[in-house]
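Structure assessment
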Amino acid sequence: MNSSQLIGITTFTYLFSTILYAALFIFKNKRLGPLATIFTIIAFLVQTAGIGLRWLESYQMGMGRAPLSNMYESVVFFAWAIILIYLIIEWKFKTRIIGAFAVPFAFLAMAYASFASGITKEIVPLIPALQSNWLIAHVVTCFIGYAAFAVAAGLGVMYLIKNTSETRQSTNDSTLLGSLPPLKVLEDITHKTMVFGFLWLSIGIITGAIWANSAWGTYWSWDPKETWSLITWFIYAITLHARYTRGWGGTRIAWLAIFGFISVIFTYYGVNFLLSGLHSYGSN
Amino acid sequence: MKNKNPIWGFFASVKLALFTLFFLATTSVIGTIIPQKESVQWYIDRYGETTANLFHILSITPDMYTSGWFLSLLGLLCINLIICSLDRFPGVWRQIKADNLATPLTRLEKMTPQCQWQSDNPPASSASTLKTALNSHGWKAKERSLDNGILLFAQKGAMTRTGVYIVHVSILVIFAGAIIGSALGFKASVMLPETRTTDKVYTFDTHAAIDLGFEVRCDRFKLEFYDNGMPKAYRSHLSILENGKVVKEKAIVVNDPLSYKGITFYQSSYEPYQEFLVAITNKKTGLNEHIIIPYREQHSFEKSGLRLGIINAEGRGQSISRMKIWLTDDNGEPSLFWLDDGEQVTVERTKNNYTVSAKQMYATGLQVAKDPGVWTVYTGCALMILGLIVAFFMSHQRIWLYIQEESNGKSSILMTGNANKNKVNFEKTFQILTQTINRI
């Protein structure tokens, strides 16, 4: 058993988790709930073991480096962080339906890592620019932030679906959407998740700046990756200010959660492939 | 500051903050799509003369992020931050320093969460036991006697109300650090061949020469590869010289620079030459000679009369990994041998032995930066993280207990409280607290 196999398995287990949470949401069979949770926790542990093993394998290959240095490894970590944050939310807010909207992100990330062409799964040694203690701090903090924003976007989608059905006042929403948490609760969790993500994104940008300064002698050079991370930061800063001081809520915040996540995806993925810059390590 | 004038009001408004952030976010996109810091000709080739001109007039090229209008937007954000914080902070400070024992009872009666119970003890003794109980749970209570009873008040995290202002100040500190850096520092580079010394570096933007005030020498540059051919390390052995004397030495790699007198040298690039550094030692006489020799050219050593040439070389791209050396001291046949780059070998000749070492010559590309604002920026960053944690995850929690005297010498107790954030959590804390102390 090697790390690629373990990580490969997770793709399918997260697909199965997604199906379980979707079934829970659609059929409202309460017995599926604990099953979905237990299954997701097992899948999460398998992935954790896979990432750990990949780290170990890099030592056996004489490189000894954290598995956080290219597109494949970062997407795998992204999926891992999404599940971690989702499980914390499930435990904290005692609601499972969110899983139907959050776990699919982890599955999609894993499917992309496993099947997209042009993604190297090989463990390769670190190029000089990446040989730094800041690598782990920077990547981990950024991706915890990204994962929180992914979950917040899932919550935003939930909010919009539930909100549309409530404004239509359809009588049959008790069958399907009735199982969703109340709008107030959804809004509260969305907000809290975004706040959590904002803190980690801030730390991620700061650790990136410190790293850049120790590698190149400049902590900020307006390179596209840096600039897009700042644009994302601005979007969430706007969202938080609009909510705290201008009382924005409901659909606006839900849309901003989705919009913010699109910016996250562009920062993470789009910049690597569409724009040129210093920060091109993640693109293969 | 209540009857504020409209200009003050404009700069203090959150609306302005939202607009500024929105414009910063949207305009920042432009510079990520249109490549920055290219030459005039590059833009003309890529976009055509008219569009390139338009970009130039709008200061989108060559460097949008240092253009007047973009810096003005950042400046506007700063003014907004300052005025907004000055506008709101006094009110927040009053809340922090407020005399909560003067809170009207009518307000306390309406506050939630709330809890009421009776005690068999008279108010004075009830108050003192409650105070001790609160104390043991980390709530330091203050006390004041009112007409009809005693009011107790305790709070936690009053200073956490400053969290958001810590974040605002942190952004200003970061900007201050950036200004210090750009006013008093420089970003420069230099291409320094091995064995050479320089006391000048050249700025990025204008290529103006900057005097270091000391000298830096590249003693040696080494390129290392992994087995699979990927670059492993770019290593420059640098020496700092003052008045011709070495005062500091370090082998720098990417991510591990050398600093001297506030100036830092970063490994940035390299350039291979078609020349070789050769050192030869005569084992008998100990005579040591160093030369720089071009590829496939014969060199005669002045003192020893040796002749040497590099007649063949192998390597990756421009980088040589081993070379074939031709050497003669005119006693017997010339020696012909392969030598790995940077290695040393002993050559046995009929009358004498020599140690020969050779390596390809490189120039190391150094980025040279002086940034006295960097620690100010880092302080700002630390403040920001601190401020965000305080602003988002900590709250100002207050509890009041009003102990009213009953006609029969007993007392009735009203306990209430509030928190400025995370109210759900506070209600839990409040409930647990009431359950433990209302048995008293």
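Note on numbering: residues in each chain are counted from 1, in written sequence order. Note on labels: chains are lettered from A, ligands numbered from 1, in written order. A pLDDT threshold of at least 70 governs which residues receive local features in this predicted model, and a stricter bar of 80 or more applies before side-chain atom pairs are shown or counted, although totals over entire chains, interfaces and linings include all residues.

What about the domain arrangement of chain B?
Residue ranges for the domains trace back to a domain assignment, done automatically or taken from a database. By the assigned domains, chain B splits into domain 1 (6-91), domain 2 (111-157 + 395-437), domain 3 (183-272 + 365-383) and domain 4 (274-361). Taking only C-alpha atoms, the centre of domain 1 of chain B and the centre of domain 4 of chain B are 59 Å apart.

Quick notes on the nonpolar core
Taken as a class, soluble globular proteins show a tendency for nonpolar side chains to be buried jointly. As used here, a nonpolar core is made of buried Ala, Val, Leu, Ile, Met, Phe, Trp, Tyr and Cys residues. They are joined through C-beta atoms within 7 Å. With C-beta atoms placed from the backbone, a residue counts as buried when 20 or more other C-beta atoms lie within 10 Å of its own, as exposed when 12 or fewer do, and as partly exposed for counts between those limits. Ranked by internal contacts, the top residues of the largest apolar core, which has 137 residues, are A:Phe78, A:Ala79, A:Ile82, A:Ala106, A:Ala147, A:Val151 and A:Leu155. The contact partners of A:Ile82, leaving out residues within four places of it in the chain, are A:Ala102, A:Phe105, A:Ala106, A:Ala109, A:Ala147, A:Ala150 and A:Val151. In this structure, B:Ile150, B:Phe153, B:Leu433 and B:Ile437 belong to the second largest nonpolar core, which totals 21 residues. A residue pair is marked as a contact if its C-beta atoms, positioned from the backbone, fall within 7 Å.

Focus on the sheet that holds strand β14 (residues 319-328) of chain B
Residues and elements named next belong to chain B. Reading across the sheet, the four strands line up as β12-β13-β14-β15 and stay open at both edges, with antiparallel pairing between neighbours. Of all the strands in the sheet, the pair left with one neighbour each is β12 (299-300) and β15 (335-340). At least two bridges found by DSSP between two strands are what make those strands a pair. Think of it this way: any DSSP run of H or I at least four residues long counts as a helix, any run of E at least two long counts as a strand, and we number them from the N terminus. In this structure, strand β13 (residues 307-316) lies alongside β14, joined through nine bridges in antiparallel fashion. Bridge assignment links Glu314 to a residue of β14, and that residue is Arg322.

Notes on the environment of B:Thr50
Examined against the element boundaries, B:Thr50 turns out to sit in helix α4 (residues 49-57). Along the primary structure B:Thr50 and B:Met159 are separated by 109 residues, whereas in three dimensions their C-alpha atoms are 57 Å apart.

Things to note about the interface of chain A and chain B
Reports of interface size often rely on the accessible area that becomes lost once the parts have come together. Between chain A and chain B, the residue contacts involve 36 residues of the former and 39 residues of the latter. Of all the elements in the fold, those that place two or more residues in the side of chain A that touches chain B are α6 (183-216) and α7 (224-246) of chain A. Looking at the side of chain A that touches chain B element by element, the count peaks at 13 residues for α7(A). Its residues assigned to classes, the side of chain A that touches chain B comprises 24 nonpolar, 11 polar and one charged. Three categories are distinguished: nonpolar for Ala, Val, Leu, Ile, Met, Phe, Trp, Tyr, Cys and Pro, charged for Asp, Glu, Lys and Arg, and polar for the others, with Gly belonging to the last.

Here we look at the packing of α6(A) against helix α8 (residues 250-274) of chain A
Residue and element names in this part refer to chain A. Axes, fitted as lines to C-alpha atoms, cover a helix only where it is in contact. Angles between the N-to-C directions of the axes lie from 0 to 180 degrees. With their axes 10 Å apart at the nearest point, α6 and α8 run at an angle of 40° to one another. With respect to α8, the axis of α6 lies oblique. Pair α6 / α8 crosses with left-handed handedness. Within the contact between the two elements, α6 uses Glu187, Thr190, His191 and Met194 and α8 uses Gly250, Ile253, Ala254 and Ala257. Taken together, the residues of the contact of α6 with α8 break down into four nonpolar, three polar and one charged. Roughly parallel here means an angle under 35 degrees, roughly antiparallel means over 145, roughly perpendicular means 65 to 115, and every remaining angle is called oblique. Definitions for this section: a left-handed crossing has its near helix turned counterclockwise from the far helix by less than a right angle. A right-handed crossing has that turn clockwise.

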